Amino acid sequence: MQPDTFEHPDNPARFMREALAQARLAWEAGEVPVGAVLVLDGEIVGQGFNQPISARDPSAHAEIMALRDAGRRLGNYRLPGSTLYVTLEPCAMCSGAIMHARVERVVFGAHDPKTGAVGSVVNLFAEVRLNHHATVEGGVLAEECGTMLSAFFASRRGKAKTGEAS
């Protein structure tokens, strides 16, 4: 039997659940619930959740926070051989950061039909003129990831209708 932290490419659900736990932290902080973890050699080396509102930083997306965390922990801005698990398809900004960090693989949950840059709107990793191409797998625990986002926005709309502060 494999150790619990072993990252098997055919069973990424364990690490997506860790990303979902990060997304719950975002929700609790009043942020859009997106979470991410970066895995290297079967171990989580970086984690993060959306916090652009609280950090007053438009770049503080979950993916960026996980990359920053991993960079600090590993002492390097390059993260070759790593896999990023994120609950929502990365946007163009995050995809660019993923490329620059040399992340090997991206696994995401829910597709983002409005800003997804890994296939829904554009696919930056398929752009041959760019110098780094991560492999991508989408739809892992997609229902759970999408449900969390839908529930968050429904909650926000409900508060807006009743006049509560969000």
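The structure this text deals with has already been given above.
Residues numbered from 1 in each chain as written. Predicted model: local features only at pLDDT ≥ 70, side-chain atom pairs only at ≥ 80, totals over all residues. Heavy atoms only, no water.

J.: Quick question: what am I supposed to make of the packing of aromatic side chains here?
T.: The tally for this structure, following the rule as stated, stands at three aromatic pairs. Ring centres of Trp27 and Phe152 lie 5.5 Å apart, and the angle between their planes is 85 degrees; this geometry places the pair in the edge-to-face category. In this pair, Trp27 sits in helix H1 (residues 13–28) while Phe152 sits in helix H5 (residues 142–162), placing the two residues 125 residues apart along the sequence. The exposure class of Phe152 is buried, given its relative accessible area of 3%. Joined through ring pairs, the aromatic side chains of Trp27, Phe152 and Phe153 make up one cluster. (Phe/Tyr/Trp six-rings, centres within 6.5 Å; stacked < 30°, edge-to-face > 60°. Helix = DSSP H or I, 4+ residues; strand = E, 2+ residues; numbered from the N terminus. Buried < 20%, exposed > 50% of the residue type's maximum accessible area, 1.4 Å probe, protein only.)

J.: Where do I start with the pattern of salt bridges in this structure?
T.: When the charged atoms of two side chains with opposite charge come close together, those side chains can pair. What the rule picks out here adds up to four salt bridges. Of the charged contacts in the structure, one is a salt bridge between Arg73 and Asp69, with a shortest N-O distance of 3.2 Å. Separated by four residues within a single helix, Arg73 and Asp69 lie in helix H3 (residues 62–74), roughly one turn from each other. Judged by relative accessible area, Arg73 falls into the partly exposed class, the value being 46%. Of the charged contacts, one joins Arg105 and Glu137 as a salt bridge, the two residues approaching to 2.8 Å between their closest N and O atoms. (Salt bridge = Lys/Arg side-chain N within 4 Å of Asp/Glu carboxyl O.)

J.: How should the environment of Asp57 be read in this particular structure?
T.: Here Asp57 lies in the loop between helix H2 (52–55) and H3. Sequence spacing of Asp57 and Lys159 is 102 residues, and the spatial spacing of their C-alpha atoms is 25 Å. Among residues more than four places away in sequence, those in contact with Asp57 are Pro52 and Arg68. Separated by 2.6 Å, the side chains of Asp57 and Ser59 make a polar contact. (Contact = heavy atoms within 4.5 Å. Polar contact = N/O pair within 3.5 Å; in protein donor to acceptor, adjacent residues only side chain to side chain.)

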